[in-house]
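Coordinates in review
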Amino acid sequence: MPVEALRRPDGIGNTALHAAANVGNTRASIVLVQKNPELLYICGQDNLLPLHCAAMYACKDTLLFLLEVTRDDHVSMPFSNENVVRLVIYAISSGFYGKSISQDVALQLVQRYPQVATLKYDNMCALGEIARKASAFPSGSRLKFWQRVIYCCVPVKLQTFVPIEDPMSRARGDLDNPVVANRRSQVIVHKLNWVPLIKHIREQKQMHHEALTLLKCVCEKIRSLRNSMHFKSFAEDALISATRLGIHEVIEEIVDSYPKLIWMRDNDNRTIFQRAVIERHENVFNLLYQMGDYKRYLMLVQDKNFLLAQENHEDTIRDTMLHLAGRLAPRIKLDLVPGAALQMQRELQWFKEVEKQVLPMYKEWENNSGETPAMVFTTAHEKLVEEGQKWMKDTANSCTIVAALIVTVVFAAAITVPGGNDNTGLPIFSKKTAFIAFAISDAISLFTSTTSLLMFLSILTSRCAESDFLYVLPKRLIIGLSTLFLSITTMMVAFSATLYLSFGQDKLWILIPVAVLASLPITSFVSLQFPLLVDLISATYGSGIFGKQSDRPFY
């Protein structure tokens, strides 16, 4: 095919290089660029360069190649203001944030072309695109406890890149050379990569670090203009997006750069904290705890200004922040909590926490429908209370059957001891160590299963009122599940001791298969019910979801 034929567009205006960039075919892109380098600068559909196509469709390798071979000084100006801001927006949207080897796009473009932070394309900007990427920040990641432990311990690569390594540095062992020092510092990280789980969490932490670095860089570039109105025009939409998505890192950085935005209201005339309550974003609401004593004044003015603004509008509901806490949480937030009872508990925790923050005069404030916050809460959560009551009683009913069976079995075992009794009425194996283990474990199993049975019966006979879901019902369920688990474990120990006494004939090797088989029901209970027990204990007696997140002052 003649070289000039490669320039011919298809039906929508794209060349062959556009097609290769769209699908991430790097090898074809290399061949096409070698044949005709001018393909790099031909605009296709929607005035997109091949660079834009690779970034838009998240074709990382192809994008890195095209960035390497595209000349900045070409007559077509491939990195003009409009082109570069589109490229940065697409790169951020595809997750190419920072300065790692695999994702060296957005941050370097911002550093190379500082004006990109202060430009918009089709009402989009770099800061606004970052604010919509919840998964790019720690607040958008839902990690389990053990994953959070690994996340805190695993290191990230904070490298300074040098394009070409000095060949002499390795020979003379120059430890001050940045490349040599950097490579040595990455040895630990490289050794951890063979563990898939640790590698995944490390990559996630690395991505978070890169996104935070990019965020700080963009805010710094906008702030360097020293034009508060210009910063406000870029930051307002980003702040609203971050609040709706619960990305507190973006909110902190923006407010730190332009503190007056803490008073900003969205299209519904809600502040960031009121929106956090509506959306149930505890990480945004917790910024209050980083404010010190000033938060009391902030809470007063927010509600006061809102109520004054709504005074002359009869068709609007004059709700305070506590009224907002009384509304039902979005379904997506409720589904993060297992079981209707725990969901109801979480809603009560939200209401009680917001109640602590508002002024006393607003606790009984009536909106224009004549409803106090407590009345709003009761009405909005009526169906959830019914679902929680059904869930709690179904769980208690199932566990009651199991506890009753264990009581029956272990009580019978206590009367008909293994081996029987001698003429004096004493058990034949009473001096055996295994029999002592049987007697103790059987007694523990009887007492704990009886306690468990009583706890579940108390749940079944409970009135399951709205306020009971905060502490009363969860506490009873925790005691019931804990004692049920203990009774199952000790019942298996008692049964294993009985088998050893009756058939073991003092052969210790018999204990191994007996112990393995006895662990099966215990393991099953742990895998099926233990996560629920952990959630209950954490939600009822843990540190909770509210509190200070860091020592960084907010406003």
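Residues numbered from 1 in each chain as written. Predicted model: local features only at pLDDT ≥ 70, side-chain atom pairs only at ≥ 80, totals over all residues. Heavy atoms only, no water.

Describing empty space enclosed by the protein
What counts is decided by this rule: Grid spacing is 1 Å over the protein atoms alone, the probe is 1.4 Å, and a cavity is where that probe fits but cannot get out, while a pocket is an open set with protein on both sides within 12 Å along at least five of seven lines and lining residues have an atom within 4 Å of a point. Grid points are joined across faces, edges and corners, and a volume is the space filled by probe spheres set on the points. In DSSP terms, a helix is any run of H or I states spanning at least four residues, a strand is any run of E spanning at least two, and both are numbered starting from the N terminus. Following the grouping adopted for this structure description, the nonpolar residues are Ala, Val, Leu, Ile, Met, Phe, Trp, Tyr, Cys and Pro, the charged ones are Asp, Glu, Lys and Arg, and the polar ones are all others, Gly among them.
For the structure on display, the rule yields 1 cavity of 30 Å³ or more. Estimated volume of the largest cavity: approximately 50 Å³. Lining the largest cavity we find Ile240, Thr243, Met264, Asp266, Arg270, Thr271, Ile272 and Arg275. When residues of the lining of the largest cavity are traced back to their parent elements, those giving at least two are helix 13 (228-245) and helix 15 (272-279). Looking at the lining of the largest cavity residue by residue, the classes come out as 3 nonpolar, 2 polar and 3 charged.

Observations concerning the packing of aromatic side chains
Short version of the rule: Two rings from Phe, Tyr or Trp (for Trp, the six-membered ring) form a pair when their centres are within 6.5 Å of each other. A pair whose planes differ by under 30 degrees is stacked, one over 60 is edge-to-face, and the rest are tilted. Using a 1.4 Å probe on the protein chains alone, a residue whose accessible area is under 20% of its type maximum counts as buried, one over 50% counts as exposed, and one in between counts as partly exposed. Only lysine NZ and arginine CZ atoms are considered, and such an atom sits over a ring when it is within 6 Å of the ring centre and within 35 degrees of the ring normal.
Applying the stated rule across the entire model yields 10 aromatic pairs. Geometrically, the ring pair formed by Phe285 and Tyr289 is edge-to-face, given 6.4 Å between the ring centres and 75° between the ring planes. Of the two residues examined, Phe285 and Tyr289, each falls in the buried class. Ring centres 5.6 Å apart and planes at 65° place the aromatic pair Tyr362 and Trp365 in the edge-to-face group. One aromatic cluster is present, built from ring pairs that chain together Phe285, Tyr289, Trp350 and Phe546. Its end group placed over the ring of Phe234, Lys120 keeps NZ or CZ at 5.1 Å from the ring centre.

Some remarks on the layout of surface pockets
There is about 1,900 Å³ of room inside the largest pocket. What lines the largest pocket is a set of 48 residues, among which Arg142, Leu143, Arg148, Glu282 and Ile545 lie closest to the centre. Contributions of two or more residues to the lining of the largest pocket are made by helix 8 (145-153), helix 13, helix 16 (282-285), helix 19 (331-334), helix 20 (340-357) and helix 25 (511-541). With 7 residues, the single largest contributor to the lining of the largest pocket is helix 20. Taken together, the residues of the lining of the largest pocket sort by class into 20 nonpolar, 17 polar and 11 charged.

Section: the packing of helix 13 against helix 15
Rules: Here an angle of 0 to 180 degrees is reported between the N-to-C directions of two axes, which are lines fitted to C-alpha atoms, with helices fitted over the stretch in contact. Angular relationships are summarised with four words: roughly parallel below 35 degrees, roughly antiparallel beyond 145, roughly perpendicular across 65 to 115, and oblique for the angles in between. Crossings are assigned a handedness: left-handed for a near helix turned anticlockwise from the far helix by less than a right angle, right-handed for a clockwise turn. When checking whether two residues touch, look at their non-hydrogen atoms; a contact exists if any pair is within 4.5 Å.
Taken N-terminus to C-terminus, the directions of helix 13 and helix 15 make an angle of 30°; their axes are 8 Å apart at the nearest point. On the basis of the axis angle, helix 13 is roughly parallel to helix 15. Crossing of helix 13 over helix 15 shows right-handed handedness. Along the contact surface, helix 13 presents Leu239, Thr243 and Arg244, while helix 15 presents Ile272, Arg275, Ala276 and Glu279.

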